[in-house]
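# Coordinate analysis (summary)
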Amino acid sequence: MLPKFYQNCFQNVLTPGQYKMLSILIMLLQFHKTVTIEKLATVFPQPIRFESRRRSIQRFLLLPQLTIQYLWFPLIKKWIKNSQITKEKRLIFAIDRTQWRSQNLFVISLIEQKRAIPVYWLLLPKRGCSNLAEQKKLIRPLLRLFKGYRMLVLGDREFHSIKLANWLQSKGIDFVLRQKKGTYVRQENQSYQRLQSLGLNPGISFFFTGIQATKQKGFAQFNLAGYYKRKYRGKVESAGWFLLTNLDNLKDAVQAFKLRSGIEAMFKDCKTGGYNLESTYADGQRLIALILLIAIAYTSAVLAGRNSGDMGLQKYVGRLKELQRAQRRHSAFWIGLYGQLWVGAMEFWADLAHEFMRLKPGKLPYFQKGLRAMALIQSAL
C-alpha cells in the first residue's frame, strides 16, 4: 500500500486503470525486489498469457504521464511540505553517478534525516564522468522546483571543477565539493601549490579563506577546508578530505560533506541491497520509468520504516542495535521494506500460520502482541 499523500498525488494525474497498474507494480517491486520486466510479468496478477502481461507492462512504462516532471516533482514538493522544512532552512542535495553495463545514471538527491531521497536523474549517453553541461542540466530543474529555498550541493571528487563551483555561486547556491589532491591552490600573497603538499594527515584539519583554486583567470575566490579523521581503534581512513566551499567555517563544511554518504547508501538500496536495478536490460524511456517506480517504492519504504521506528516496532522486523556496534544494524528503508514483507507473508500463509499458532497456546499473549504490531505496521503507511 502506498502512503496516503502518494495516492492523492497519483490519482490526480493518472486514470483509474493507470493508477491500479502503478500500485500493482510498486507492490511487486516491494515483494520481489526486481525491476526486470520479464520477472515482473511472470508474477503480474492478471489472468492472461505471459506475453500479453509483458507487453502490458512495456506499454505502461512508455506512458507520457510516467515522467519525473509530471509524476515525481509534485510528490517531492509534498514530501518537503510534510517534512515541515521551511524556506529558512537550507535544503541539502548530493550529486553522484552509478553505472552498470552500458547505463550511466546521474542523480541528484535530497539529504533528509541522513537519508538520500532521489529528486531528479538523467541517463548519460556515454560511460565515465559527467561534464559541466550535464551537471548544470541535472541541477537546473531544482532551481525552479525549490525556488525561494536556500540550497547546498555536495559533490565528491568527480565534481571538483572550479567552473561548477563558480556557476553554483552565481546561482546563489552553497556548495561543498571535494577536490583531487593534485589540484593547485593559492593563498593570498603566496605561490600556487598542490593540495597534497599541505600536510593533511590523520587527526589534522584546517580552514583557509579566500583561496584561488585554479591558475586560470576570471574565477571567484572560495574557501578550502581540510579534514582527515584521526586514527581510531587502529583504523585509519585511506585519505583525507580537501573541500572547496563557500561556507564560512570548517565545522559546517565537514558536517555537511559527511551527509553525502547518504546517496551511496541509496544507490546500494536501489541496486544489490534492494531492487536490483542493475539486473534490468531496459533502456531509454522505459529505464527512466523503471527508476521512477523504484523511487516511489524506495521512498514509501523509508516512510514506513520511519513510522514503524516512531512506534517502536523495529524489534518485530529485525535485530536492534547491539551494544558493541557503533551504527544501527538496519536502516529505515530496510525496516520499512521487510516489515511489509513480514506482514505480506502472514497474509499469504494466514491459514497455515494460525494453525501453527494454535499448537502453541502458551505463546498466545506474544502472538497477540505480534498481530497488533502487524496491524500497526500496515497503518504506518
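To be clear, the structure that these remarks concern was listed above.
The sections below set out a description of the structure shown in this document.

Looking now at the pairing of strand β4 (residues 151-155). The buried count for β4 comes to five of five residues, which makes it a mostly enclosed element. The alternating pattern of β4 places M151, V153 and G155 on one face and L152 and L154 on the opposite face, and all of these are buried. Sheet topology note: the strand β1 (residues 91-100)/β4 ladder contains five bridges and is parallel. Across the sheet, the residue bridging to L91 is M151, located in β4. Between the parallel pair β4 and strand β5 (residues 174-178), the chain is carried across by helix α7 (residues 162-170), and the sense of this crossover is right-handed.

Compared with an ideal rise of 1.5 Å per residue, which puts 17 residues at 24 Å, helix α2 (residues 16-32) spans 24 Å between its outermost C-alpha atoms and is within 8% of the ideal. Among the residues of α2, Q18, Y19, M21, L22, S23, L25, I26, L28, L29 and Q30 are the ones counted as buried. In this structure, the buried side of α2 is in contact with α1 (4-13), α3 (37-43), α4 (50-60), α10 (284-310) and α12 (332-348). Trailing α2 by a residue or two, K33 shows a phi angle of about 50°, which is positive.

The next point concerns the nonpolar core. One finds F10, W72, W121 and F146 to be the most contacted residues of the largest nonpolar core, which totals 114 residues. A total of 15 residues in this core trace back to one element, the largest contributor, which is α10. Contacts of F10, omitting those with residues within four sequence positions, involve L2, Y19, L22, L71, L75 and I296. Within the second largest apolar cluster, 10 residues are counted, among which are L313, V343, A353 and M357.

Applying the stated criterion across every chain, the model contains 17 aromatic pairs. Between Y316 and W342, the aromatic rings sit 6.2 Å apart at their centres with planes inclined by 20°, giving stacked as the arrangement. Of the two residues, Y316 is situated in helix α11 (residues 314-317) and W342 in helix α12; the sequence distance between them amounts to 26 residues. The partly exposed category is assigned to Y316, whose relative accessible area is 28%. By relative accessible area, W342 is classed as partly exposed at 27%. An aromatic cluster is built from F5, Y6 and F10, whose rings are joined through pairwise contacts.

Attention now moves to a nonpolar patch on the surface. Taken together, the side chains of F348, W349 and L352 make up a nonpolar region of the molecular surface, amounting to roughly 400 Å² of accessible area. Structurally, L352 can be placed in helix α13 (residues 350-358). Relative accessible area serves as the criterion here: at 54%, L352 is assigned to the exposed category.

Here the focus is the sheet that holds strand β3 (residues 115-123). Spatial ordering of the open sheet is given by β3-β2-β1-β4-β5-β10-β9-β8, a layout of eight strands whose pairing is mixed. For this open sheet the edge positions go to β3 and β8 (205-211), each flanked by a neighbour on one side alone. The average undirected angle you get between the axes of adjacent strands in this sheet is 20°. Pairing between β8 and strand β9 (residues 222-227): five bridges, direction antiparallel. Considered in β9, the bridge of F208 is made with L224. Seen against the sheet, helix α8 (residues 250-258) touches β4, β5, β8, β9 and β10 (241-245) and runs at an angle of roughly 110° to β10.

Calculation notes
Residues numbered from 1 in each chain as written. Predicted model: local features only at pLDDT ≥ 70, side-chain atom pairs only at ≥ 80, totals over all residues. Heavy atoms only, no water. Buried < 20%, exposed > 50% of the residue type's maximum accessible area, 1.4 Å probe, protein only. Helix = DSSP H or I, 4+ residues; strand = E, 2+ residues; numbered from the N terminus. Pairing = 2+ DSSP bridges. Right-handed = clockwise from strand over helix to strand, strands pointing away. Expected span 1.5 Å × (residues − 1). Contact = heavy atoms within 4.5 Å. Core = buried A, V, L, I, M, F, W, Y, C linked by side-chain atoms within 4.5 Å. Phe/Tyr/Trp six-rings, centres within 6.5 Å; stacked < 30°, edge-to-face > 60°. Patch = residues over 30% accessible without salt bridge, like charges linked within 9 Å, V, L, I, M, F, W, Y side chains within 5 Å. Areas by Shrake-Rupley, 256 points an atom, 1.4 Å probe, with all protein chains shown as cover. Salt bridge = Lys/Arg side-chain N within 4 Å of Asp/Glu carboxyl O. Axes fitted to C-alpha atoms, helices over the stretch in contact; angles between N-to-C directions.

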